[in-house]
Every structure is written in C-alpha cells, then in structure tokens.
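# Structural overview
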Amino acid sequence: QQQVKQSPQSLIVQKGGISIINCAYENTAFDYFPWYQQFPGKGPALLIAIRPDVSEKKEGRFTISFNKSAKQFSLHIMDSQPGDSATYFCAATYAAGNKLTFGGGTRVLVKP
Amino acid sequence: GAVVSQHPSWVICKSGTSVKIECRSLDFQATTMFWYRQFPKQSLMLMATSNEGSKATYEQGVEKDKFLINHASLTLSTLTVTSAHPEDSSFYICSARDLETDGYTFGSGTRLTVV
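For the structure given in this document, a descriptive report is provided here.

The rules behind each value
Residues numbered from 1 in each chain as written. Chains lettered and ligands numbered in written order. Predicted model: local features only at pLDDT ≥ 70, side-chain atom pairs only at ≥ 80, totals over all residues. Heavy atoms only, no water. Helix = DSSP H or I, 4+ residues; strand = E, 2+ residues; numbered from the N terminus. Rg over C-alpha atoms; globule rule 2.2 N^0.38 Å. Buried < 20%, exposed > 50% of the residue type's maximum accessible area, 1.4 Å probe, protein only. Contact = heavy atoms within 4.5 Å. Areas by Shrake-Rupley, 256 points an atom, 1.4 Å probe, with all protein chains shown as cover. Lys, Arg positive; Asp, Glu negative; His and termini not counted. Charge placed at Lys NZ, Arg CZ, Asp CG, Glu CD. Buried area = accessible area lost by both parts, 1.4 Å probe. Salt bridge = Lys/Arg side-chain N within 4 Å of Asp/Glu carboxyl O. Polar contact = N/O pair within 3.5 Å; in protein donor to acceptor, adjacent residues only side chain to side chain. Nonpolar A, V, L, I, M, F, W, Y, C, P; charged D, E, K, R; others polar. Disulfide = S-S within 2.5 Å. Pairing = 2+ DSSP bridges. Axes fitted to C-alpha atoms, helices over the stretch in contact; angles between N-to-C directions.

## Some details on the overall build of chain B
Each helix and strand in chain B was counted, giving zero helices and 11 strands. Mapped in sequence order, the helices and strands of chain B form the string β-β-β-β-β-β-β-β-β-β-β. Its C-alpha radius of gyration of 13 Å places chain B within 12% of the 13 Å reference for a compact globule of 115 residues. Taking all 115 residues of chain B together, the buried fraction comes to 50%. Restricting the contact set of chain B to residue pairs at least 6 apart, pairs at least 24 apart contribute 54%. Accessible surface, chain B: about 5,600 Å² in total, of which carbon and sulfur atoms supply 52%. If the 10 positive side-chain charges of chain B are averaged to one point and the 11 negative ones to another, these points end up 8 Å apart.

Structural data, given as structure tokens:
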C-alpha cells in the first residue's frame, strides 16, 4: 500500500517560473516530511524538511507548505533554473530512526 | 553537514559472483542505516534496515540470503549481493540517520551491472 502519493509525475516549467509538486499521505503518525532532489546516477540529496508543528518553511528558493488537516504537503521552487532539472521525491516517516516512505517522484525539466 | 560515502560507484561483475558495496558515515555515528534499490525512472525501494550490532530487518519480498547486510560498526554497513544474476543489475543506494540533526543522508549510489 502506497502511503505517500506524489503528483505530478513530470513537470515542465520555463526558466524563472514556479514549480509546484504535491504529496498526500495517509498515516497520521508521520511527523517528519523531507523533500529530496536527485540527479541521474546520484543519490538523493536533502533539500528541505518540515515537521507538523509549522505550516510553512522556506529555505532560499524552496518552500514547503504543510496542511495537517488535509494530510498534504507541497514543494514550491521559485524562480526555477535549468540547474533545478532533476527528480524530486517527497518522503515521510515517524518516530526516531524509522524508515522513510517515499512518494513516486516528479521529474522536473526547466526550459531555458 | 552529514556525509555518507558509498563505494564503489559502479561495478560490473560476472553472473554467479558476489559483490560487496560499502556505506560509511564519515562525520557522524549511524546506529541505523538503510539500503535501497532503484530501477530507472522509479522511486527508491527499501530493501532492508540495518542496525549496528544486530541482524538486518528485510522488507517483504527481499531475499535475505541473496542480499547480505552487515553493520559491524557505527560508521560502516555493507551490502553483499551473492551469486549475482543479470536481474540483480540495478542502482543501489544506502542511507544513514544522523541522530544529531534528525536527518537522513544518502550515499551517492552504486550502479551494479551483472553480465
């Protein structure tokens, strides 16, 4: 059973535009929600993460919005750049040291 | 920040041989490490969770006798693919949890090709 659903599967955005990726989860026990960026042939790298006690977190051009009641969270990439072209994964976990549950991934292509 | 080193980055082996992949946490101690497998254009699939000094916990459907995991120290976990076959060809990624930052750091991955 997939516990984290991610959409869209792919996204094309113009340089300077906003990329928005959405995730929905089922397990209300989840308390840590990270986003990862992965380039081809490389391991995922942590972009930004949020806990349920805040509704939004911003780091540079990356913002997470979190809606606890709807069990949804999203990643916004502002002023998208060609170098942002990558696959993005949302994930969720609960309790210390537990395994991450990943979304299916979103392939983002930023056109110059 | 936390760094996880994974070696080798790629390996080609003959069918029937075994291959060992190492995962090291360079600047933190990792009591728990995770091993993933990733197929092209797909998400990460958790294979097993390894805890230092104890047996690994394998996900359903993962053959524990084929994918041997050892976590002998707080900074090193190894995955050995035994009697590898072409269908084992994949991208393998390890991850370690940093208790100080509460984050999960990933290695750079290992591309295994079995010929």
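## Regarding the interface of chain A and chain B
Counting residues at the interface gives 19 residues for chain A and 19 residues for chain B. Both faces combined, the contact of chain A with chain B buries some 1,500 Å², and carbon together with sulfur accounts for 55% of it. Between the two partners, chain A and chain B, sit one salt bridge. Residues Glu59 of chain B and Lys99 of chain A are paired through a salt bridge, measuring 3.1 Å at the closest nitrogen-oxygen approach. Remark: the boundary between chain A and chain B carries six residue pairs in polar contact (both at pLDDT 80 or more). A class-by-class count of the residues in the side of chain A that touches chain B yields seven nonpolar, eight polar and four charged.

## Notes on the state of the cysteines
Any covalent bond linking the sulfur atoms of two cysteines counts as a disulfide. Scanning the entire structure with this criterion turns up two disulfides over all chains. Disulfide partner of Cys23 of chain A: Cys90 of chain A, at an S-S distance of 1.9 Å. Residues Cys23 of chain A and Cys90 of chain A are joined through a disulfide that is left-handed, its torsion about the S-S bond being -95 degrees. One end of the pair, Cys23 of chain A, is in strand E3 (residues 19-25); the other, Cys90 of chain A, is in strand E9 (residues 86-92), and 67 residues separate them in sequence. Relative accessible area serves as the criterion here: at 2%, Cys23 of chain A is assigned to the buried category. Each sulfur in the disulfide pair Cys23 of chain B and Cys94 of chain B lies 2.0 Å from the other. Given an S-S torsion of about 80 degrees, the disulfide between Cys23 of chain B and Cys94 of chain B has right-handed geometry. In this pair, Cys23 of chain B is assigned in strand E3 (residues 19-25) and Cys94 of chain B in strand E9 (residues 90-98), connecting sequence segments 71 residues apart. Exposure class is identical for Cys23 of chain B and Cys94 of chain B. Each is buried.

## Some words on the sheet that holds strand E8 (residues 72-77) of chain A
All names here are of chain A. In spatial order, the strands read E1-E3-E8-E7-E6; together these five strands make up an open sheet with antiparallel pairing. Pairing within the sheet leaves two strands with one partner each, and these edge strands are strand E1 (4-7) and strand E6 (56-59). In this sheet, adjacent strand axes meet at a mean angle of 15 degrees when their direction is disregarded. With six bridges connecting them, strand E7 (residues 62-67) and E8 associate as antiparallel partners. For Thr63, the partnering residue across the bridge sits in E8 and is His76.

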